[in-house]
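Each chain, written out:
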Amino acid sequence: MNAPVIYLDNNATTMVAPEVIEAMLPFLKDRWGNPSSIHRFGGSVRRSIEHARERVAALIGALPEEVIFTSCGSESDNMALKGFFAIHGQQTRIITSTVEHPAVRNTARFLKEKGASLFELEVDGEGMLDADQFDELPIDEHTMVSLMWANNETGVLFPIEEIAEKVKNRGGTMHTDAVQAAGKIAINMKTTPVDMLAISGHKLHAPKGIGVLFLRKGFNIEPLIHGGHQEDGLRAGTENVPYCVGLGVACELAFTGRGEEEGRVRQLRDKLENALLASCGGAKLNGHKEWRLPNTANVSFENIEGEAILLHLDENGIAASSGSACTTGSLEPSHVMRAMGIPYTFAHSSTRFSLSRYTTEPEIDKVIEVMPGIVETLRSISPFVERG
Ligand code: PLP
């Protein structure tokens, strides 16, 4: 099936930018040398990887040698948590939140089974975390705080700079899952004292199958994959050259285009959100209104099933996402909606619209046009609504 006409599911994955594909092709066709080879056919490929590394580093204000290429965001998160646990063993204490992506949540829970202690901090009704509690929490040299920079469902931004400052002052380690944040908001490793940070290529217009772990210079973890000397001995395996190059270009595009994300994309998002809240009865915003990614709107429509909304949107050529996951045949609100304490009648209709720099105003206008009718139709047949 061809791509849907109106794609508003960019927090799930993004279109690969044409410039990225263009840059990757030579490395699939002619320049297929092994970057570890001594000969020039391989050596020139090595230089392209190093150039890509510089471009990734520039996006997050890191040093090139602090950028480790991985296969995805999940691998980067696993590498951070398991790599820390491999050194600290049973003394490991992991502090995370109840709204993390499974890449962190399930890894932390796995490490708990292996003997780590685990604290999952609660968020408030707007999905926000209180930074002040990090003055009181038990934090020492065996503690790793792992918190997402931006939430994938609501776009809510945790105050990572402030929390990292507190964690480091108290001798702990700070990891952040920046998979949704990278490329959408400014991230600067020069001024934010995190030790490790995860990025995923397919969330910022590079292909699926490439990620990065930022590992601060001098900070030590055990590798997840042992073998050759690649990536400074921290991630063995011959590099995925075309994808590394593609990610480099994607990061450069994100770096130069971030103003647009902050400006035009935010305006379109706000236009969509305001219109839905005004024109669809029983609509409510999920997540903090200000502390949010510029591209994400998560809106609930009381007493309607999210899946039904998505199907109707799909029929209109619009791709969005819902906050419910189909578990054992029943539509349960996501762990994020539950953690925020969103009432059931709203939580199971949570609908996420996530925009990108390719989103146009006529596309947003089309969603604004069709949504009230969809909501009205579904509410008229909703089993949750009492009718007189
Ligand atoms: N972390 C967050 C916040 C995400 O949204 C995702 C993907 O949706 C991941 C981690 C996992 O990234 P990947 O799909 O590259 O493994």
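The residue numbers shown here count from 1 along each chain, following its written sequence. Local features are withheld for residues below a pLDDT of 70 in this predicted model, meaning they are given only at 70 or higher, and side-chain atom pairs are given and counted only at 80 or more; totals for whole chains, interfaces and linings count all residues. Each side-chain value is derived from all of the structure's non-hydrogen atoms; neither hydrogens nor water enter the calculation.

### A look at the overall build of the chain
Step number 1: Secondary structure elements follow DSSP: runs of H or I no shorter than four residues count as helices, runs of E no shorter than two count as strands, and numbering proceeds from the N terminus. Helix and strand content of the chain: 10 helices and 15 strands.
Step number 2: Expressed as lengths along the three principal axes of its C-alpha atoms, the size of the chain is roughly 75 × 50 × 40 Å.
Step number 3: Exposure categories follow from relative accessible area, calculated using a 1.4 Å probe and restricted to protein chains: below 20% of the type maximum is buried, above 50% is exposed, and the middle band is partly exposed. Considering the chain as a whole, with its 388 residues, one finds that 56% of them fall into the buried category.
Step number 4: Sequence separation of 24 or more characterises 73% of the internal contacts of the chain that already satisfy a separation of 6 or more.
Step number 5: Just so you have it, the chain exposes about 16000 Å², and 53% of that area is on carbon and sulfur atoms.
Step number 6: Under this rule, positive means Lys or Arg and negative means Asp or Glu; His and the chain ends count for nothing. For the purpose of locating charges, the reference atoms are NZ of Lys, CZ of Arg, CG of Asp and CD of Glu. With 37 positive and 51 negative side-chain charges, the chain shows a separation of 4 Å between the mean positions of the two kinds. We call two residues in contact whenever any of their non-hydrogen atoms come within 4.5 Å of each other. Only the protein chains shown count as cover for residues, and the accessible areas themselves come from Shrake-Rupley with a 1.4 Å probe.

### Looking at the site of the ligand
Step number 1: Taken together, 13 residues lie around the ligand, and S74, D177, Q180, S200 and K203 are the ones closest in.
Step number 2: N or O atoms within 3.5 Å of each other form a polar contact, as long as, within protein, one can give a hydrogen and the other can take it, and as long as residues adjacent in sequence are counted only when both atoms are side-chain atoms. Within the side chain of H101, a nitrogen or oxygen atom sits 3.4 Å from an oxygen atom of the ligand.
Step number 3: Within the side chain of S200, an N or O atom sits 2.6 Å from an oxygen atom of the ligand.
Step number 4: Across the complex, the protein chains shield 88% of the 390 Å² of accessible surface that the ligand would expose by itself.
Step number 5: The leading source of residues in the shell around the ligand is helix α3 (residues 73-88), at 3 residues.
Step number 6: Residues are grouped as follows: Ala, Val, Leu, Ile, Met, Phe, Trp, Tyr, Cys and Pro are nonpolar; Asp, Glu, Lys and Arg are charged; every other residue, Gly included, is polar. When grouped by side-chain class, the residues that make up the shell around the ligand number 3 nonpolar, 7 polar and 3 charged. Nearness is defined per residue: one heavy atom within 4 Å of the molecule or strand is enough.

### Things to note about unusual backbone geometry
Step number 1: In the Ramachandran plot, H205 falls in the positive-phi region, its phi being about 70 degrees despite a non-glycine side chain.
Step number 2: Mapped onto the fold, H205 is located in the loop between β7 (196-200) and β8 (211-215).
Step number 3: Of note, the phi angle at N303 is positive, near 70 degrees, even though the residue is not glycine.
Step number 4: Checked against the element boundaries, N303 lands in the loop between β10 (296-301) and α7 (306-315).
Step number 5: On the basis of relative accessibility, which here comes to 14%, the residue N303 falls in the buried class.

### Structural notes on the nonpolar core
Step number 1: Joining through side-chain atoms within 4.5 Å is the link that ties buried Ala, Val, Leu, Ile, Met, Phe, Trp, Tyr and Cys residues into a set, and such a set is a nonpolar core. Counting residues in each nonpolar core, the largest one holds 67 residues, and the members touching the most others are F134, W149, I187 and L197.
Step number 2: In terms of residue count, helix α6 (residues 241-279) provides more of this core than any other element does, 8 residues in total.
Step number 3: Composition of this core by domain shows at least three residues from each of domain 1 (6-12 + 258-380) and domain 2 (18-254).
Step number 4: Residues in contact with F134, not counting those within four places in the same chain, are I95, L121, L129, I139, V145, L147, I163, K166, V167 and R170. An automatic or database domain assignment provides the domain bounds reported here.

### Some words on the pattern of salt bridges
Step number 1: Whenever Lys or Arg places a side-chain nitrogen within 4 Å of a carboxyl oxygen from Asp or Glu, that contact is recorded as a salt bridge. The final tally for this structure, using the stated rule, is 18 salt bridges.
Step number 2: Ionic pairing is found between D270 and R269, a salt bridge with its closest N-O pair at 2.8 Å.
Step number 3: Taking relative accessible area as the criterion, R269 reaches 1% and is therefore assigned buried.

### Some remarks on helix α2 (residues 40-60)
Step number 1: What a helix should span is 1.5 Å times the count of its residues minus one. Its 21 residues give α2 an end-to-end C-alpha distance of 31 Å, which sits within 8% of 30 Å, the value for a rise of 1.5 Å per residue.
Step number 2: Where α2 is concerned, the buried positions are G42, G43, V45, S48, I49, A52, R53, V56, A57, L59 and I60.
Step number 3: In this structure, the buried side of α2 is in contact with α1 (18-29), β2 (67-70), β7, β8 and α6.

### Observations concerning the packing of aromatic side chains
Step number 1: Paired rings are identified among Phe, Tyr and Trp, the last through its six-membered ring, by centres lying within 6.5 Å, and are further divided according to the angle between planes into stacked (under 30 degrees), edge-to-face (over 60) and tilted (the rest). Tallying each qualifying case throughout the model produces 1 aromatic pair.
Step number 2: Aromatic pair W32 and F41: ring centres 4.8 Å apart, planes at 80 degrees, arrangement edge-to-face.
Step number 3: Across the ring face of F110, the terminal group of K82 is positioned such that the distance to the ring centre comes to 5.1 Å.
Step number 4: Charge-over-ring contacts are defined here by two conditions on Lys NZ or Arg CZ: a distance within 6 Å of the ring centre and an angle within 35 degrees of the ring normal. The ring of F346 is capped by K284, whose NZ or CZ atom sits 6.0 Å from the centre of that ring.

### Details of the domain arrangement of the chain
Step number 1: Domains assigned within the chain are domain 1 (6-12 + 258-380) and domain 2 (18-254).
Step number 2: For domain 1 and domain 2, the distance between their C-alpha centroids amounts to 28 Å.
Step number 3: Taken together, the contacts link 28 residues of domain 1 with 33 residues of domain 2.
Step number 4: Of the roughly 2600 Å² buried between domain 1 and domain 2 on both sides combined, carbon and sulfur atoms contribute 55%.
Step number 5: Our enumeration of links across domain 1 and domain 2 arrives at 13 residue pairs in polar contact (both at pLDDT 80 or more).
Step number 6: Elements supplying a minimum of two residues to the side of domain 1 that touches domain 2: α6, β10 and α8 (335-339).
Step number 7: The element that contributes the greatest number of residues to the side of domain 1 that touches domain 2 is α8, accounting for 4 residues.
Step number 8: Taken together, the residues that form the side of domain 1 that touches domain 2 break down as 10 nonpolar, 12 polar and 6 charged. Buried area: the accessible area, evaluated with a 1.4 Å probe, that two parts lose upon being put together, summed over both parts.

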